[in-house]
Amino acid sequence: MIHALTPILLLLHPHSGAPTPNANWDCHKPQAQQEMNWCAADEYKVADDKLNAQWAITSAKMKERDAASADSLPDWDERPGWHENLLKAQRAWITFRDAHCQLDGYTARGGSLEPLLVSTCMTELTKTRTRQLREMTDGPD
């Protein structure tokens with residue numbers, strides 16, 4: 001939330017375009033802990049946006065695979081389809097990511113560094129998952 005006394009001309013963060021809460025902050029060289037925390041959270045938002053964009057692509061591809069294989073599956077194969085398994089895996093991954101990164105933040109539990117640790121963890125795991133989702137449709141890099 002931007003404080004009412006924040007100058008109207010705010011610098012834009014180079015990644016998300018979100019205005020920084022303080023016009024003097026520079027996410028290329030953050031100095032204060034609050035600045036580092038905000039920049040790390042914003043970097044996570046960028047990674048999450050990319051994940052969501054890749055999710056749409058991968059999800060659509062899995063639905064295509066389900067449709068293409070629907071007529072060729074043997075009657076005895078009652079296993080879930082591509083998309084259903086992808087959705088189940090993604091939900092489990094989100095639960096894992098959130099719990100793992102909360103645990104990672106406990107290194108500085110209750111301290112001003114904790115949000116930075118959590119956001120950094122969330123960003124890294126999200127980037128990795130985005131790559132995994134992309135590989136499901138495009139193959140390995």
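Each chain carries its own residue numbering, running from 1 in the written order of its sequence. Confidence filtering applies because this is a predicted model: local features only for residues at pLDDT of at least 70, side-chain atom pairs given and counted only at 80 or more, and all residues used for totals across whole chains, interfaces and linings. Hydrogen atoms and water are omitted, and side-chain values are computed over all heavy atoms in the structure.

Participant: Help me get a handle on the side chain of Ser119, residues and values and all.
Facilitator: Strands are runs of DSSP state E lasting at least 2 residues, helices are runs of H or I lasting at least 4, and numbering of each runs from the N terminus. With respect to the helices, strands and loops of the structure, Ser119 is situated in helix 3 (residues 114-138). Any pair of residues with heavy atoms lying within 4.5 Å of one another is described as a contacting pair. Beyond its immediate sequence surroundings of up to four residues, Ser119 is in contact with Ala40, Ala41 and Tyr44.

Participant: Can you explain the nonpolar core? Please cite residues and give values.
Facilitator: The biggest cluster of nonpolar side chains holds 6 residues, and these are Leu51, Trp55, Met62, Leu86, Trp93 and Leu133. Looking at this core, the elements that each hand over two or more residues are helix 1 (33-69) and helix 2 (82-105). Here the element with the most residues in this core is helix 1; it accounts for 3 residues. Among buried residues, those of type Ala, Val, Leu, Ile, Met, Phe, Trp, Tyr and Cys that are joined through side-chain atoms within 4.5 Å constitute a nonpolar core. The cut-offs for exposure are 20% and 50% of the maximum accessible area for each residue type, with area from a 1.4 Å probe on protein chains only; residues under the lower value are buried, those over the upper are exposed, and the others partly exposed.

Participant: Account for the pattern of salt bridges, naming residues and giving values.
Facilitator: A pair is scored as a salt bridge if a Lys or Arg side-chain nitrogen falls within 4 Å of a carboxyl oxygen belonging to Asp or Glu. Counting across every chain of the model gives 4 salt bridges. With a closest N to O distance of 3.7 Å, Arg131 and Glu135 form a salt bridge. Of the two residues, Arg131 and Glu135 both sit in helix 3, 4 residues apart, roughly one turn of that helix. The exposure class of Arg131 is partly exposed, given its relative accessible area of 33%. Residue classification places Glu135 among the partly exposed positions, given a relative accessible area of 29%.

Participant: Break down helix 3 for me, citing the residues and quoting the values.
Facilitator: Take the residue count of a helix, subtract one, and multiply by 1.5 Å to get its expected span. With 25 residues, helix 3 should reach 36 Å at 1.5 Å per residue; the first-to-last C-alpha distance of 36 Å fits that figure. Elements that come into contact with the buried residues of helix 3 comprise helix 1 and helix 2. Within two residues after helix 3, Gly139 carries a phi angle of roughly 90°, on the positive side.

Participant: Help me get a handle on the packing of helix 2 against helix 3, residues and values and all.
Facilitator: Packed helix pairs are characterised by how far apart their axes lie and by the angle those axes make with each other. The geometry of helix 2 relative to helix 3 is characterised by a closest axis approach of 8 Å and an angle of 155° between their N-to-C directions. The orientation of helix 2 relative to helix 3 falls into the category roughly antiparallel. Where helix 2 crosses over helix 3, the handedness of that crossing is right-handed. Between helix 2 and helix 3, the contacting residues are Leu86, Ala89, Gln90, Trp93, Phe96, Arg97, Asp98, His100, Cys101, Gln102, Asp104 and Gly105 on the first element and Glu114, Leu117, Val118, Cys121, Met122, Leu125, Thr126, Arg129, Leu133 and Met136 on the second. Simply put, an axis is a line fit to the C-alpha atoms, just over the touching stretch for a helix, and the angle between two N-to-C directions goes from 0 to 180 degrees. Angles below 35 degrees are treated as roughly parallel, those above 145 as roughly antiparallel, those between 65 and 115 as roughly perpendicular, and all remaining angles as oblique. Should the near helix be turned anticlockwise from the far one by less than a right angle, the crossing is termed left-handed; should it be turned clockwise, right-handed.

Participant: I'd like to hear about the state of the cysteines, residue by residue, with values.
Facilitator: Here, a disulfide means two cysteine sulfur atoms that sit within 2.5 Å of each other. Inspection of every chain in the model, using the stated rule, returns 2 disulfides. Linked covalently through their sulfurs, Cys27 and Cys39 form a disulfide whose S-S length is 1.9 Å. What sets the handedness of the Cys27 and Cys39 disulfide is the S-S torsion sign, and at about -80° it is left-handed. Here the residue Cys27 occupies a position in the segment before helix 1, and Cys39 occupies one in helix 1, the gap between them amounting to 12 residues.

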